[in-house]
Amino acid sequence: VTITTRMLVSHLSGIRHYEKDITKVKEEKEKVNRALKLTKSHQDKEQKEKEGKGIEKTDCVKHKKEHDSETKSRHSKPGRSDKEFEQEEYYLKEKFESVIESLKIFKNDPLFFKPGSQFLYSTYGFTLLSAVVERASGQKFTDYMLKMFRDLDMLSTVLDDNEAMIYNRARCYIYNKKGRLVNAPYVDNSYKWAGGGFLSSVGDLLKFGNALLYSYQAGQFKNRNSKLLPGYLKPGTVAMMWTPVPKTEVSWDRDGKYAMAWAVVEKNQQYGCCRQQRHYASHTGGAVGASSVLLILPEELDPEAVGAWPEAPPRGVIVTIICNMQSVSLSSTALKIAREFDKEKRAQ
């Protein structure tokens, strides 16, 4: 078979994640698909009620559903239901000197499916991707990334190295089997630098988001303002990264598809004066003792009016949350925050 870097970056390679048993993976995917079908059926039912009986009852159902969901979220403890963290490989303590060396963990394991045919989120797929970067750049992956972080002015973003003295490093927490809050266990992330091996801050992640959003929008201002500096990436590159890839799925956002290392929701509105789906890109992060999210909601630019705008890019809302607690769901919170800021900006 042939595995391309595009397959790796969109999790279509067939390389396993932490679970080695393909039967369990298939069972979990079927369970998720059933849940999605039930959700879609419920949404279709609500739509029919709205069309047949008016919008008032539908709104009541919607508000009750949101209230019940928020109440359940407030009274449930985070970090206790994520079975992924039961996998032994999450807690590896072996130190690898290079990403090439760390490939030995999975390189002899069978592929779960033919590359390009199915989606399976794989941290090890990104470990292989980091090896590609290492060979293509001619330098260690970690050195290459740290130079990039310096270019982006992300000076607080470093390797999650246990031995190094890192200023303001936070202590991480998990719930044990008895439901008590305890310190997260020691792990060595040298086997997955690309998939979860860096420490950062909300300030640095905002810089990262702004750099991407600037790159995405800069092309629209290019011919209007010659003084505008180019983005860190080409506009077409970011657009490609934020374009949904067929056969992918996203567990944390039912409206989204996976693109290239990003979950993406496309702009969509089926009915007037009804639910409007904005275009945004996001990604969550989960590690032993920590959770995070970065969400980028670009402002919808009018190409005809760009030249008259006093403000240059980036234009939009960027939300990032970092929590030193394992298995905390943050994506819906980030989206709500982004929408509130966007609404306030539109009202000005």
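The model shown is predicted, which means the values in this text are computed figures rather than measured ones.

## Some points on the pattern of salt bridges
Using the criterion set out here, one finds 17 salt bridges in the structure. Taking the shortest distance from any N to any O, the salt bridge between D109 and R16 comes out at 2.6 Å. A residue pair is termed long-range when its members are at least 10 positions apart, and D109 in the loop between helix 4 (99-102) and helix 5 (123-137) and R16 in the loop between helix 1 (5-9) and helix 2 (22-53) qualify at 93 residues. Note that K267 and E300 form a salt bridge whose closest N and O atoms lie 3.7 Å from each other. A residue pair is termed long-range when its members are at least 10 positions apart, and K267 in the loop between strand 6 (263-265) and strand 7 (280-287) and E300 in the loop between strand 8 (290-298) and strand 9 (316-323) qualify at 33 residues. We classify E300 as partly exposed; its relative accessible area is 35%. One continuous salt-bridge network, built from bridges that share partners, spans K267, R278, E300, D342 and R346.

## Comments concerning the sheet that holds strand 5 (residues 257-258)
Pairing within the open sheet is antiparallel, and its five strands lie in the order 5-6-7-8-9. Both outer strands of the open sheet, strand 5 and strand 9, are each paired with one neighbouring strand and no more. Examined bridge by bridge, strand 8 and strand 9 share eight bridges and lie antiparallel to one another. The residue bridging L297 from the neighbouring strand is V317, located in strand 9. Taken strand by strand, helix 8 (residues 202-221) contacts strand 8 and strand 9, and its axis lies near 150° from that of strand 9.

## Here we look at the nonpolar core
Judged by nonpolar contacts, the single largest core of 40 residues is most densely connected at Y124, L212, W242, W262 and I296. Secondary structure elements with two or more residues in this core: helix 1, helix 5, helix 6 (141-151), helix 8, helix 9 (235-241) and strand 8. No other element matches helix 5, which puts four residues into this core. Summarising the domain contributions, this core has at least three residues from each of domain 1 (1-37 + 80-174 + 187-199) and domain 2 (209-347). Counting twelve residues, the second largest nonpolar core, distinct from the first, contains V317, L330, A334 and A338.

## A short note on the confidence of the model for the chain
Looking at the chain as a whole, its pLDDT mean stands at 86, while 82% of the residues score no less than 70. Mean pLDDT across the elements of the chain bottoms out in helix 3 (residues 55-75) (41) and peaks in helix 1 (98). Contacts of residues 54-81 to residues separated by more than four positions or lying in other chains number 24 contacts, the stretch itself having pLDDT below 50.

## A few points about the packing of aromatic side chains
Following the criterion strictly, the structure yields eleven aromatic pairs and no others. When the ring of Y121 is compared with that of Y258, the centres are 6.3 Å apart and the planes differ by 85°; the resulting orientation is edge-to-face. Here the residue Y121 occupies a position in the loop between helix 4 and helix 5, and Y258 occupies one in strand 5, the gap between them amounting to 137 residues. Using a relative accessible area of 1% as the deciding quantity, one classes Y258 as buried. Every member of this aromatic cluster is reached through a ring pair, and the members are Y18, F85, Y90, Y91, F106, Y124 and Y191.

Basis of the calculations
- Residues numbered from 1 in each chain as written.
- Predicted model: local features only at pLDDT ≥ 70, side-chain atom pairs only at ≥ 80, totals over all residues.
- Heavy atoms only, no water.
- Salt bridge = Lys/Arg side-chain N within 4 Å of Asp/Glu carboxyl O.
- Helix = DSSP H or I, 4+ residues; strand = E, 2+ residues; numbered from the N terminus.
- Buried < 20%, exposed > 50% of the residue type's maximum accessible area, 1.4 Å probe, protein only.
- Pairing = 2+ DSSP bridges.
- Contact = heavy atoms within 4.5 Å.
- Axes fitted to C-alpha atoms, helices over the stretch in contact; angles between N-to-C directions.
- Core = buried A, V, L, I, M, F, W, Y, C linked by side-chain atoms within 4.5 Å.
- Domains from an automatic or database assignment.
- pLDDT = per-residue confidence, 0-100.
- Phe/Tyr/Trp six-rings, centres within 6.5 Å; stacked < 30°, edge-to-face > 60°.

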